[in-house]
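# Notes for the structure review
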Amino acid sequence: MQFGLNDEQEMIVSTVRAFVENEIYPHEAEVERSGTVPLELGEEIRRKVIDLGFYACNFPEEVGGAGLSHLDFTLVERELGRGSMALTHFFGRPQNILMACTGDQRDRYLLPAVRGERMDALAMTEPDAGSDIRGMKCTAQREGGDWVVNGSKHFISGAEHADFFIVFVATGVDDTPHGPKKRITCFLVDRDTPGFQVQPGYNSVSHRGYKNYVLYFDNCRLPDTQVLGAVDGGFDVMNTWLYATRLTVAAFCVGRARRCFDMALSYATQRRQFGQPIARFQGVGFQVADMITEIDAADWLTLAAAWRLDQGLTANREIASAKLYASEMLARVTDATLQIHGGMGLMDDFPIERFWRDARVERIWDGTSEIQRHIISRDLFRPLGA
């Protein structure tokens, strides 16, 4: 078993880390204070990433991406996790689901997204459809040869700068032995489509500047050309392209945890109490020992899941385990980092209180911890007939 990174992977890590430290860190405090990213700053970051050759690095070379493996891309996400999500959003990782584009959709959506000319946003969650995706009430019905969409979506990240949206809506209901089961279809919706509105969402304590929005559909007419994948095939598209996004959350958590750990390690060495560095007290030293053990465990769990994808192996359980453990690990690490810093950890002179707040949402989005445990347990019990 090879645990080390090759030369190319070391280059990826060092390049992205340097970019985050030089281009992201200097703007974090202002974004946290104002709660927004100036458009010109976002565009500047995007241009620099394109020049660096890393924009849409999660896409294959045949469509203009860098063609990184799952493992290599996970390393990219891990390093981006060190920085403000509001700013690293412009590093540009379009949704892989756009690979499902066919015909004219490739020229209108896929290729411009890969080139950095258009930005996308994913819209799935609704007030009554979070973990229960089939509970969505946003519907599309046939009328005069078009699809007429009505309803809303919320918690839509990245909508502020999106040129188009990848939207999942209910397009019918099947009667099954387990009760009614909604059919889901995925649509591509341009921002300026009549009957479609993008409105500011809620103020969140996590990831300020990385805002969420609410989408409203009022008799929004969409032709068949806007269907991504097959009609009623939304779950197939979702399962093919989206489940690995949980791996990016795990990688983000590992990267953020390592940044926190570095701060805790440095502070414990420098801060003196009772005539000696607090690092010499077991109450602090043991916390640091636990932190690095958990970070390393989450790191290897995440990289192992990415490796399985590259080998063409099933990885649903492994990805769920990585997302579950890494997100809960980050909560413990940020809390311990704050505790080591004492009262100063809660002051906005340090970014630690921000890391602590930001960490809370990682156990919720892209599948709650409870959903991950459900995926893991079902994967273990199903072969046994339970």
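Our subject in this report is the structure included herewith.

### Considerations on the side chain of T334
Tracing the backbone shows T334 in helix α9 (residues 316–341). Taking relative accessible area as the criterion, T334 reaches 1% and is therefore assigned buried. Look past the residues within four positions of T334 in its chain and what remains in contact with it is C260, F355, W356 and A359.

### Points about the nonpolar core
Counting 87 residues, the largest nonpolar core has V76, L98, I166, F168 and I340 as its most contacted members. Ranked by the residues each element gives to this core, the list is headed by helix α7 (residues 245–270), at 12 residues. With residues near it in sequence (within four places) discarded, V76 still touches I12, V16, F54, C57, L68 and F91. With 22 residues, the next largest nonpolar core counts W147, V189, Y213 and F217 among its residues.

### As for the packing of aromatic side chains
Enumeration over the complete set of coordinates arrives at 10 aromatic pairs. Look at F165 and F196: their rings are 5.3 Å apart centre to centre, the planes differ by 75°, and that puts the pair in the edge-to-face class. Residue F165 is located in strand β4 (residues 164–176), and its partner F196 is located in strand β6 (residues 196–200); the two are separated by 31 residues in the primary sequence. We note that F165, like F196, is buried. An angle of 85° between the planes, with centres 6.2 Å apart, marks the rings of Y210 and W365 as edge-to-face. In this pair, Y210 is assigned in the loop between β6 and β7 (212–222) and W365 in the loop between α10 (352–359) and α11 (369–381), connecting sequence segments 155 residues apart. W365 gets classed as partly exposed once you look at its relative accessible area, which sits at 22%. Here a set of aromatic residues connected by ring pairs shows up, and it is made of F19, F54 and F91. Taking the ring centre of F235 as reference, the NZ or CZ of R134 above it sits at 3.9 Å. The ring of Y25 has R259 lying over it, and the distance from NZ or CZ to the ring centre is 3.8 Å.

The rules behind these values
Within each chain, residues carry numbers counting from 1 in the order of the written sequence. Reporting of local features is limited, given that this is a predicted model, to residues whose pLDDT is at least 70; pairs of side-chain atoms are given and counted only at 80 or more, and all residues count toward the totals for whole chains, interfaces and linings. Side-chain metrics in this entry use all non-hydrogen atoms of the structure; hydrogen atoms and water are not considered. Secondary structure is summarised from DSSP: a helix means a run of H or I of at least four residues, a strand means a run of E of at least two, and numbering begins at the N terminus for each. Classification of residues uses two cut-offs on accessible area relative to the type maximum, computed with a 1.4 Å probe and protein chains only: under 20% is buried, over 50% is exposed, and between them is partly exposed. By definition, residues are in contact when any of their heavy atoms lie within 4.5 Å. For the purposes of this section, nonpolar cores are sets of buried Ala, Val, Leu, Ile, Met, Phe, Trp, Tyr and Cys residues that join through side-chain atoms within 4.5 Å. Stacked, edge-to-face and tilted labels apply to pairs of Phe, Tyr and Trp rings (six-membered ring for Trp) whose centres lie within 6.5 Å, assigned for plane angles under 30 degrees, over 60, and everything in between, in that order. Only when the NZ of Lys or the CZ of Arg is both within 6 Å of the ring centre and within 35 degrees of the ring normal is a charge said to sit over the ring.

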